[in-house]
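# Notes for the structure review
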Amino acid sequence: MSGDYSALMVGDTIHEREIELADGTKRTLHFKEVPAQVFRKWIIARNSEDDAVRAASAEILIVASMCEPDGRPVLTLEQAARLKPAIASRLFDAVLDINGGANEKKAEGQD
């Protein structure tokens, strides 16, 4: 490709978000942008005819985005499946915010 297309690519920036935990305390967690391929996997999963696949779709994005400050993954899909509902929702909101997908959630009435 000629020219500078870096603005079209997923960045290396680690984003911090303050997340309220189940006990009411707040903790700063770290997230990274996810590539389009991962975002599409989430869209496919959330539109699946299989209830179990749809129910687990948010975890795809949470696992791909939530990270240590150095970018290393924090959770596996199995661990993400055990998140408390309110926490999973807050993490999912942070992931959508960082990845510009907040409109996706509102379009589905998930807010």
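Refer to the structure printed above.
Small disclaimer: the values here were computed from a predicted structure and weren't measured.

### Some thoughts on the pattern of salt bridges
What the rule picks out here adds up to 3 salt bridges. Across the pair aspartate 97 and arginine 17 runs a salt bridge whose closest N-O atoms are separated by 2.9 Å. Separated by 80 residues along the polypeptide, aspartate 97 in helix H5 (residues 85–98) and arginine 17 in strand S1 (residues 14–20) bring together distant segments of the chain. A residue is classified by how much of its surface remains accessible, and aspartate 97, at 44% relative accessible area, is partly exposed. Linking arginine 72 and aspartate 70 is a salt bridge whose minimum nitrogen-to-oxygen distance equals 2.7 Å.

### So, the nonpolar core
Grouped together as the largest cluster of nonpolar side chains are 22 residues, with contacts concentrated most on Phe31, Leu61, Ile62, Met66, Leu91 and Phe92. Secondary structure elements with two or more residues in this core: strand S2 (26–32), helix H1 (36–46), helix H3 (57–65) and H5. If one sorts the elements of this core by residue count, H5 sits on top with 8 residues. In this structure leucine 91 touches Ile19, Leu29, Phe31, Ile62, Met66 and Leu83, once residues within four positions along its chain are discounted.

### Section: the packing of H1 against H3
Running from N to C, H1 and H3 cross one another at 165 degrees; their axes reach a closest spacing of 8 Å. What the angle tells us is that H1 and H3 run roughly antiparallel. Remark: the crossing between H1 and H3 carries right-handed chirality. Residue-level contacts link Val38, Phe39, Lys41, Trp42, Ala45 and Arg46 of H1 to Ser57, Ala58, Ile60, Leu61 and Ala64 of H3. Residue composition of the contact of H1 with H3, grouped by class: 8 nonpolar, 1 polar and 2 charged.

### Quick word on the pairing of S1
One face of the sheet, then the other: side chains in a regular strand alternate in exactly this way. Both S1 and S2 contribute to a ladder of 7 bridges, which runs antiparallel. Across the sheet, isoleucine 14 pairs through a bridge with lysine 32, a residue of S2. Taking the residues that link successive antiparallel strands as the turn, the S1-S2 hairpin has 5 residues, and the phi of glycine 24 there is positive, at about 90 degrees.

### Notes on H5
Its 14 residues place the ends of H5 20 Å apart at the C-alpha level, agreeing with the 20 Å of an ideal helix rising 1.5 Å per residue. Ile87, Ala88, Leu91, Phe92, Ala94, Val95, Leu96 and Ile98 are the residues of H5 that are buried.

### Quick word on the pairing of S2
In this structure, S2 lies alongside strand S3 (residues 66–67), joined through 2 bridges in antiparallel fashion. Across the sheet, histidine 30 pairs through a bridge with cysteine 67, a residue of S3.

Calculation rules
Residues numbered from 1 in each chain as written. Predicted model: local features only at pLDDT ≥ 70, side-chain atom pairs only at ≥ 80, totals over all residues. Heavy atoms only, no water. Salt bridge = Lys/Arg side-chain N within 4 Å of Asp/Glu carboxyl O. Helix = DSSP H or I, 4+ residues; strand = E, 2+ residues; numbered from the N terminus. Buried < 20%, exposed > 50% of the residue type's maximum accessible area, 1.4 Å probe, protein only. Core = buried A, V, L, I, M, F, W, Y, C linked by side-chain atoms within 4.5 Å. Contact = heavy atoms within 4.5 Å. Axes fitted to C-alpha atoms, helices over the stretch in contact; angles between N-to-C directions. Parallel < 35°, antiparallel > 145°, perpendicular 65-115°, else oblique. Left-handed = near helix turned anticlockwise from the far one by under 90°. Nonpolar A, V, L, I, M, F, W, Y, C, P; charged D, E, K, R; others polar. Pairing = 2+ DSSP bridges. Expected span 1.5 Å × (residues − 1).

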